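# Residue-level structural notes
Chain by chain, the residues run as shown.
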Amino acid sequence: GAKNRGSNAWCFFHEYMTQAARERLALEARLRRALELGHMRLFYQPQVDLHTGRLTGAEALLRWHDPEEGLISPARFIPVAESSGVIGPLGLWVLGEACRQGQAWREAGLPELTIAVNVSLHQFLLTDIAGETAQVLETSGFPAHLLELEITESALAEKPEEALAVLSRLRDLGLRLAIDDFGTGYSSLAHLKRFPLDLLKIDRGFIYDIPNSGDDMAISSSVIALGHAMGLKVLAEGVETQEQLSFLQDKGCDFFQGYFCSRPLPAEDFARLLEKAGAGQPLVDVQSGVTA
Ligand code: C2E
Ligand code: MG
Ligand code: MG
Ligand code: MG
């Protein structure tokens with residue numbers, strides 16, 4: 001009967017939850033150990049000027065290199081890090097490593113570029129991100145104006161007053177601030193215009209169906225116009241094709257990232273790109289779309 005079915009359903013649900021909770025705990029413990037054992041790596045994806053094809057920056061993207069499983073994607077472990085508090089030490093490691101690497105490239109005489117680092121919601125609102133960033137800049141010697149922090153729209157929307165205070169402290173350090181995944185959250189434009197920002201990053205979900213989706217083309221060109229009207233630069237994420245590149249050029253978008261230029265690369269491979277950029281060579285031929 002109904003009663004029976006109900007209790008079976010409950011048992012199933014209960015068991016499922018227990019299993020999920022157990023896996024989560026195990027992942028959390030492995031994550032802490034991986035950080036201690038030095039199994040985390042940063043990959044770097046080029047950020048390119050849409051009109052000259054030249055390299056302007058790199059986004060640092062976290063990879064967990066597990067000896068048995070291989071590379072584990074951040075989509076799988078960032079949510080666990082966020083909800084377990086591991087994001088504090090993990091986020092601090094990312095900041096430190098990105099600045100250390102950026103400074104090492106400068107000291108090797110490679111061309112200057114911005115390094116963008118992702119900051120997640122809990123890291124932004126619950127840790128002393130401004131104090132830690134100041135410390136990391138001082139220890140590494142990496143100049144503040146070359147560091148960009150990417151914060152998701154949802155982090156700003158959740159607690160706008162707190163967010164404004166944190167952003168202002170970060171801005172006072174002299175670094176650059178970007179909104180990541182723009183268009184996927186619910187930030188109010190009234191709040192947005194009060195935040196001290198430099199860059200909007202259009203989420204790749206709005207790029208990948210160009211030129212087939214009229215809606216996505218309308219959204220992307222509106223975000224470019226909105227960003228420019230607010231005095232911000234705009235970067236499109238996830239650009240994979242020549243058509244997407246041409247569309248964005250036509251709409252006056254400033255920068256792009258995406259497989260069309262390069263996937264995220266290990267530091268050694270990225271350094272080779274930097275050497276090419278140092279010789280004054282554009283990374284992408286933005287007219288014909290041929291990658292160098
Ligand atoms: P995100 O910051 O929006 O990063 C962009 C994601 O899009 C990256 O995935 C990148 O590899 C991928 N991508 C770039 N170009 C293309 C393209 O042309 N096509 C496609 N299909 N994908 C492209 P990834 O590296 O797996 O990172 C996923 C998310 O994990 C990031 O999204 C970010 O939210 C988070 N994440 C990564 N590293 C960190 C970190 O160090 N700290 C924190 N808090 N979050 C991080
Ligand atoms: Mg990002
Ligand atoms: Mg993004
Ligand atoms: Mg994203």
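Residues numbered from 1 in each chain as written. Chains lettered and ligands numbered in written order. Predicted model: local features only at pLDDT ≥ 70, side-chain atom pairs only at ≥ 80, totals over all residues. Heavy atoms only, no water.

## Focus on the site of ligand 1
For clarity, the cut-off: What makes a residue near a molecule or strand is one non-hydrogen atom of that residue sitting within 4 Å of it. Throughout this description, a polar contact denotes any pair of N or O atoms lying within 3.5 Å of each other; where both atoms belong to protein, one of them has to be capable of donating a hydrogen while the other can accept it, and for residues adjacent in sequence the pair is counted only when both atoms sit in side chains. All accessibility values rest on the Shrake-Rupley procedure with a 1.4 Å probe; residue burial counts only the protein chains present in the view. Under the scheme used here, helices are H or I runs from DSSP no shorter than 4 residues and strands are E runs no shorter than 2 residues, and both carry numbers assigned from the N terminus. Each residue is assigned to one of three groups, with Ala, Val, Leu, Ile, Met, Phe, Trp, Tyr, Cys and Pro labelled nonpolar, Asp, Glu, Lys and Arg labelled charged, and all others, Gly among them, labelled polar.
Neighbouring ligand 1 are 21 residues; Arg-63, Asn-118, Asp-180, Glu-240 and Tyr-259 lie closest to it. One of the side-chain nitrogen or oxygen atoms of Asp-180 is found 2.9 Å away from an oxygen atom of ligand 1. In the complex, the protein chains occlude 84% of the 800 Å² of accessible area that ligand 1 would expose alone. At the level of secondary structure, the elements contributing two or more residues to the shell around ligand 1 comprise β2 (55-66), α2 (74-84) and β6 (176-182). Tallying contributions element by element places β2 first for the shell around ligand 1, with 4 residues. Classifying every residue of the shell around ligand 1 by side-chain character gives 8 nonpolar, 5 polar and 8 charged.

## Digging into the coordination of the magnesium ion (ligand 2)
Spelled out, the test is: Coordinating N, O and S atoms are those within 2.8 Å of the metal (3.2 Å for Na, K and Ca), and as water is not part of the atoms, a site may appear to have fewer donors than expected. Relative accessibility under 20% of the residue-type maximum defines a buried residue, over 50% an exposed one, and the middle range a partly exposed one, all with a 1.4 Å probe and only protein chains included.
Those protein atoms acting as donors to the magnesium ion (ligand 2) are Glu-59 (OE), Asn-118 (OD1), Glu-150 (OE) and Asp-180 (OD), and they sit at 2.0 to 2.2 Å. In the primary sequence, the donor residues of the magnesium ion (ligand 2) line up as E-x58-N-x31-E-x29-D. A spacing of 4.0 Å is found between the magnesium ion (ligand 2) and the magnesium ion (ligand 3), which share Asp-180 as a donor. One end of the pair, Glu-59, is in strand β2; the other, Glu-150, is in strand β5 (residues 147-152), and 91 residues separate them in sequence. Glu-150 shares its class with Glu-59; the two are buried.

## Remarks on the packing of aromatic side chains
Using the following cut-off: For this analysis, a ring pair means two rings from Phe, Tyr or Trp (six-membered ring only for Trp) whose centres lie within 6.5 Å, classed as stacked if their planes differ by under 30 degrees, edge-to-face if by over 60, and tilted for the remaining angles.
On inspection of all chains with the given rule, the structure shows 4 aromatic pairs. Ring plane angle 70 degrees and centroid distance 5.0 Å describe the contact between Tyr-44 and Trp-105, whose orientation is recorded as edge-to-face. Here Trp-105 lies in helix α3 (residues 87-107) and Tyr-44 lies in strand β1 (residues 40-49), a separation of 61 residues in the sequence. Neither Tyr-44 nor Trp-105 differs from the other in exposure class; each is buried. The interplanar angle of 80 degrees and the centroid separation of 5.6 Å between the aromatic rings of Trp-64 and Phe-77 together place this pair among those described as edge-to-face. Of this pair, Trp-64 sits in strand β2 while Phe-77 sits in helix α2, placing them 13 residues apart in sequence. Judged by its relative accessible area of 1%, Trp-64 is buried. Of the residues examined, Phe-77 reaches a relative accessible area of 0% and is grouped as buried. Clustering of aromatic rings is evident, with ring pairs tying together Tyr-44, Trp-105 and Phe-270.

## Overview of the environment of Gly-109
Checked against the element boundaries, Gly-109 lands in the loop between α3 and β4 (114-119). Between the C-alpha atom of Gly-109 and that of Pro-89, which follows or precedes it by 20 residues, the distance is 31 Å.

## Quick word on the state of the cysteines
How we decide: When the sulfur atoms of two cysteines come within 2.5 Å, that pair is taken as a disulfide.
On inspection of all chains with the given rule, the structure shows 0 disulfides. Cysteine Cys-253 is unpaired, with the sulfur of Cys-261 as its nearest cysteine sulfur at 14 Å. Overall, Cys-253 belongs to the buried group, its relative accessible area being 0%.

## Thoughts on the confidence of the model for the protein chain
Here is the rule: Confidence scores labelled pLDDT are given residue by residue by the predictor and lie between 0 and 100.
Of the residues in the protein chain, 92% have a pLDDT of 70 or more, and the chain-wide mean is 91. Both scores are given for the predicted complex: the pTM is 0.92, the ipTM 0.97.

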